[in-house]
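# Chain and residue survey
What follows is the residue order along each chain.
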Amino acid sequence: MPRAAVLWSIAALGLTAGSLSFALALTSDHVNEPALQATLMDWVTLPYIFGGLIAWWRRPESRFGILMVLAGFTMFASNLAWTNIAVLHSVGQTCDLLPAAILLHVFLAYPTGRLERALDRALVLFAYVTAFGLELVGMLLGGFGPNNVLEITSEPHAAELLLRAQLLALSACALTGVAILAFRRRREPRPARRSLALLTNSFSLGLVMIAVLFTAGAFDSPGFETIRRATLLVLGLTPVAFLSGLLGARLARSAVGDLFVELRSDLAPADLRDALARALRDPSLELAYWLPLFGSYVDVDGRLVELPHDDASRRTTMIVRDSIRVAALIHDPVLDDEPELLEAVSAAAGIALENGRLHAELGARLEELRASRARVLEAGQQERQRLERNLHDGAQQRLIALALELGLLELRLRDDVDARQVLKEARREIALSLEELRAVAHGMHPAVVSAHGLGVALEHLVARAPVPVRLSVELPDRLPGRLEVAAYYVVSESLANIGKHAHASAATVGVARNNGHVIVEIVDDGVGGADTEDGSGLRGLADRVEALGGSLRIWTSHGAGTCVRAELPCA
Amino acid sequence: MRVAIAEDSVLLREGLARLLADAGSDVVAQCSTGDELLDEVRMSPPDVVIVDIRLPPTHNDEGMQAALEIRRRHPMVGVLVLSQYVELGLAMKLLADSAEGVGYLLKDRISDVEEFVAALQRVASGGSALDPIIVSTLVSRRRAHDPLESLTPREREVLELMAAGSSNQGIADRLVITVRAVEKYVSTIFGKLDLPSSGSESRRVLAVLLFLRG
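Residues numbered from 1 in each chain as written. Chains lettered and ligands numbered in written order. Predicted model: local features only at pLDDT ≥ 70, side-chain atom pairs only at ≥ 80, totals over all residues.

## Some words on the environment of B:Ser136
Residue and element names in this part refer to chain B. Its place among the elements puts Ser136 in helix 6 (residues 132-139). On the basis of neighbour counts, which here come to 14 C-beta atoms within 10 Å, the residue Ser136 falls in the partly exposed class. Expressed as a C-alpha distance, the spacing of Ser136 and Glu160, which sit 24 residues apart in the sequence, is 7.3 Å. (Helix = DSSP H or I, 4+ residues; strand = E, 2+ residues; numbered from the N terminus. Buried ≥ 20, exposed ≤ 12 C-beta atoms within 10 Å, placed from the backbone.)

Put into structure tokens, the structure is as follows:
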């Protein structure tokens, strides 16, 4: 931060310059309406100097304030042309057009005080050379009246032509500046503050007025003096627009007060983001809590959040309490202009943020629990699938091969009736064992589902159902394996329940995809009143479905049938 | 009868080959994957192929895919699919729009050697062979108004044998009645179920299956 003494000294210097302008104008022998001229010039000069000082004080990291102060003093320097003292008059006259160039510089350098792009730098440099360098040449050529101490040759006609060219070139510069401002505004659509829009408008208007004024000057237009006064009036308004933007930021602090009130009324963690967004006036605000235990940022529900890299569209501000990281605000870069507001809001939200973080941590733990549940299910599923495969490739194949050998033996012993009878008996035993093994294997893992798809598997299930079933499977392609198996179990268990309890005369089974979900629905026309707590069947189904992030709901009422509906998320 | 086999279990594959050799068939190829079988069939089409539904590399539906491919590309080659599970959905997929020269049996059935060879011969000569489990699942399927209730127990037996792909002679042998008697049963059944009588025996299988499937 600049030292207060420096600021106060510059302020004093500014006041002196302002008064001096009056003195210069009133003692001048070549200024018409001196009081009016001095007032008009101070109307522009002083706001730039004082506005610049305020900006410098409040935003020391930006060069913009310094640039405004310099612009103010440059305008004062051009006032020196009013004096009768030849040397000072010559200095002032050389600076006559300089304000136009420095104002272009100021407008294009908002808000950082730097010209970010090459085009801007080239334009401003060109404007400085035209306004100051060529003016100096004009002075050397002996232009601008008798008090010119810089004259080395008297070519007033050439000097006048040169001045005309300068004025036209500067008009073009100003209009190019307007175009650049318009282009920037179009390119960066943001939820800009109204005060910011006002400021850009005042920049553009100022540049247009300068262009009009200089063009009028180049062609010795009759209304020149009126245009000049209007231009000065407009230019003096720009620092006011700038200060109102700063003041707007101060006013925003009252929003912090509102935030306090909201926080006191037991704000739910889910509403904290909205409250902060209102206080910061940034509807795009995102709030991410830091969970040291997980080493990651999460949203209020505990879902992982990736912090964006700071760029033109998003910025991240850390919220730190007692030197411990609590959360991060992801916000519009416009808020960078109001660091105090961000600071005040973060401080006010302290306790609520702690609450929110606890809530988020709970959410993250639940999420982790759900994921581990899904992993356990998945691991169990894989193990069962492996066992089924082993059974199929091992015991079942061997038993079949054995039965085949017995069959062949039976053929060879065609004539030995007793032996044949024994062999036939043995084959029957093997057939029974195979049947049992098949049931066990299917119970472990319905291989047909993973091999041939849900549609094929359901066809058999439905054909063997205890009541007539209408089946409709509307799946454009195969589902992920664990979803197919879960859906298969839902249908299988529900049909078994219908057989046991429903006394139904018909049922329908539907499987379809809808909005990123697989919907499995089994409806019967039975007596209803299915007990969802009784037995582990439905409970087990619900566990399986929930572990996959889905939901299982059962509608049942006495005499009105039962509907089992599972919704499984499926991207 | 020229037979090609695709079965990844060596024990079973060789047992099958021995069984077929004993029965006087010519085993022209023994493969362990569906792709091998397809190559063999392309090079020298046999009368019939025996395919295990579960074949490497993934043991999912490679055998089924090979069977469908042969049905599509080589309609003259009979296809008998063996599996450790029989599923109505797979039977319907395999038959699609024709029961000609196709069979789908539980793997256990090979131990009844004579019946298995008879089924294979049927498939090789353009007939069909469906596992009794498929047929009984279809026959016992619950229906709102079951037209099968109008059938006598004997007619039901004939219907089941018919659906499994048996010829009239086969049915006659099994039930120990004359072929004439079988023909009479068949026409009564078609009349009761209101089915249009169709010419060939394999077309009859599909008609009955589609009717039973509802």
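## A look at the interface of chain B and chain A
Taken residue by residue, the interface counts 31 residues in chain B and 34 residues in chain A. Of all elements in the fold, only helix 1 (10-22), helix 4 (88-95) and helix 6 of chain B reach the threshold of two or more residues within the side of chain B that touches chain A. Looking at which element gives the most residues to the side of chain B that touches chain A, the answer is helix 1 of chain B, with six residues. (Contact = placed C-beta atoms within 7 Å.)

## So, the nonpolar core
With 113 residues, the main nonpolar core has A:Ala487, A:Val491, B:Val49, B:Val51, B:Leu80 and B:Ala163 as its most contacted residues. A:Val491 has contacts with A:Leu458, A:Leu461, A:Val509, A:Val520 and A:Ile522, leaving out every residue within four places of it along the chain. (Core = buried A, V, L, I, M, F, W, Y, C linked by C-beta atoms within 7 Å.)

## Let's talk about the confidence of the model for chain B
When pLDDT is averaged along chain B, the result is 92; 100% of the residues meet or exceed 70. Scoring the predicted complex yields pTM 0.64 and, for the interface, ipTM 0.93. (pLDDT = per-residue confidence, 0-100.)

## Quick notes on the sheet that holds strand 3 (residues 48-52) of chain B
Residues and elements named next belong to chain B. Reading across from one edge, 2-1-3-4-5-6 is the order of the six strands in this open sheet, with parallel pairing throughout. At either end of the open sheet lies a strand with only one pairing partner, and these are strand 2 (26-31) and strand 6 (128-130). Averaged over all adjacent pairs, the angle separating strand axes in this sheet is 20°, with direction ignored. Pairing of strand 1 (residues 2-6) with strand 2, which is carried by five bridges, proceeds in the parallel orientation. (Pairing = 2+ DSSP bridges. Axes fitted to C-alpha atoms, helices over the stretch in contact; angles between N-to-C directions.)

## What about the sheet that holds strand 10 (residues 562-569) of chain A?
Residue and element names in this part refer to chain A. With mixed pairing, the five strands of this open sheet are ordered in space as 6-7-8-10-9. Single-partner strands in this sheet number two, and they are strand 6 (469-474) and strand 9 (551-556). Along the sheet, successive strands turn relative to each other by an average axial angle of 10°, direction set aside. Here strand 6 runs beside strand 7 (residues 507-514); their pairing, made up of six bridges, is parallel. In the strand pairing of strand 7, Val469 is matched with Ala507. Across the sheet, helix 16 (residues 481-502) lies against strand 7, strand 8 (517-524) and strand 10, angled at about 10° from strand 8, the strand it touches most. Along the sheet, helix 17 (residues 537-547) contacts strand 9 and strand 10; its crossing angle with strand 9, the most-contacted strand, is approximately 145°.

## Concerning the environment of A:Thr215
Residues and elements named next belong to chain A. Structurally, the position occupied by Thr215 is in helix 8 (residues 194-218). Residue Thr215 is classed as partly exposed on the basis of its 18 C-beta neighbours within 10 Å. Thr215 sits 47 residues away from Leu168 along the chain, and the two C-alpha atoms are 5.8 Å apart. When near neighbours in sequence (up to four residues on either side) are disregarded, Thr215 contacts Leu168 and Ser171.

## Focus on the pairing of strand 8 of chain A
Residue and element names in this part refer to chain A. With eight bridges connecting them, strand 7 and strand 8 associate as antiparallel partners. Considered in strand 8, the bridge of Arg513 is made with Val518. Taking the residues that link successive antiparallel strands as the turn, the strand 7-strand 8 hairpin has two residues, and the phi of Asn515 there is positive, at about 50°. Two elements, strand 8 and strand 10, share eight bridges in a ladder whose sense is antiparallel. In the strand pairing of strand 10, Val520 is matched with Ala566.

## A short note on helix 5 (residues 98-109) of chain A
Residue and element names in this part refer to chain A. If you check helix 5, its first and last C-alpha atoms are 17 Å apart, about what twelve residues at 1.5 Å a residue would give, namely 16 Å. Burial analysis of helix 5 places eleven of its twelve residues in the buried class, the great majority of the element. Within the span of helix 5, buried status applies to Pro99, Ala100, Ala101, Ile102, Leu103, Leu104, His105, Val106, Phe107, Leu108 and Ala109. (Expected span 1.5 Å × (residues − 1).)

## Regarding the environment of A:Arg357
Residue and element names in this part refer to chain A. Locating Arg357 in the fold gives a position in helix 12 (residues 350-412). Once the C-alpha coordinates of Arg357 and Ala288 are considered, the two residues, 69 residues apart in sequence, prove to be 8.8 Å apart. Among all residues touching Arg357, those that are not within four sequence positions of it are Tyr289, Val326 and Ala327.

## Digging into the packing of helix 8 (residues 168-175) of chain B against helix 9 (residues 179-193) of chain B
Residue and element names in this part refer to chain B. As a packed pair, helix 8 and helix 9 sit with axes 8 Å apart at the nearest point and diverge in direction by 110°. For the element pair helix 8 / helix 9, the angle class is roughly perpendicular. Contact with helix 8, carried on its side by Asn168, Gln169, Ile171 and Ala172, involves Val179, Val182 and Glu183 of helix 9 and no other residues of that element. (Parallel < 35°, antiparallel > 145°, perpendicular 65-115°, else oblique.)

## Let's talk about the pairing of strand 10 of chain A
All names here are of chain A. Covered by surrounding structure in strand 10 are Thr562, Val564, Ala566 and Leu568 only, the residues Cys563, Arg565, Glu567 and Pro569 on the alternate face being uncovered. Where strand 9 meets strand 10, six bridges bridge the pair, whose relative direction is antiparallel. Looking at strand 10, one finds that Arg553 is bridged to Arg565. As consecutive antiparallel partners, strand 9 and strand 10 are separated by five residues, and within that stretch Gly559 has a phi angle of approximately 85°, a positive value.

## Concerning helix 4 of chain B
Side chains that are three or four residues apart share a direction in an α-helix, a result of its 3.6 residues per turn. Counted residue by residue, helix 4 of chain B has six buried out of eight residues, so it is predominantly covered. In the segment just after helix 4 of chain B, B:Ala96 is the residue with positive phi, at about 50°.

## Some thoughts on the packing of helix 1 (residues 4-27) of chain A against helix 3 (residues 64-79) of chain A
All names here are of chain A. Relative to each other, helix 1 and helix 3 sit at 25°, their axes nearing to 10 Å. In this view, helix 1 runs roughly parallel relative to helix 3, as classed from their interaxial angle. Like other packed secondary-structure pairs, helix 1 and helix 3 cross with a definite hand, here left-handed. Residues Ile10, Gly14, Ala17, Ser21 and Leu24 of helix 1 form the contact with helix 3, whose own contacting residues are Val69, Gly72, Phe73, Phe76 and Asn79. Tallied by class, the residues present in the contact of helix 1 with helix 3 amount to six nonpolar, four polar and no charged. (Left-handed = near helix turned anticlockwise from the far one by under 90°. Nonpolar A, V, L, I, M, F, W, Y, C, P; charged D, E, K, R; others polar.)

## Focus: unusual backbone geometry
Apart from glycine, the bulk of residues carry a negative phi angle, and the bulk of peptide bonds sit in the trans form. Residues and elements named next belong to chain B. Residues Pro56 and Pro57 are joined by a peptide bond in cis, for which omega reads 5°. Within the secondary structure, Pro57 sits in the loop between strand 3 and helix 3 (62-73). A positive phi angle, near 50°, is found at Val176, a position not held by glycine. Counting through the fold element by element, Val176 comes out in the loop between helix 8 and helix 9. Within the chain, Asp194 stands out as a residue other than glycine whose phi angle is a positive 60°. Note on placement: Asp194 falls in the loop between helix 9 and helix 10 (201-213). Residue Asp194 is classed as exposed on the basis of its C-beta count, with 8 C-beta atoms lying within 10 Å.

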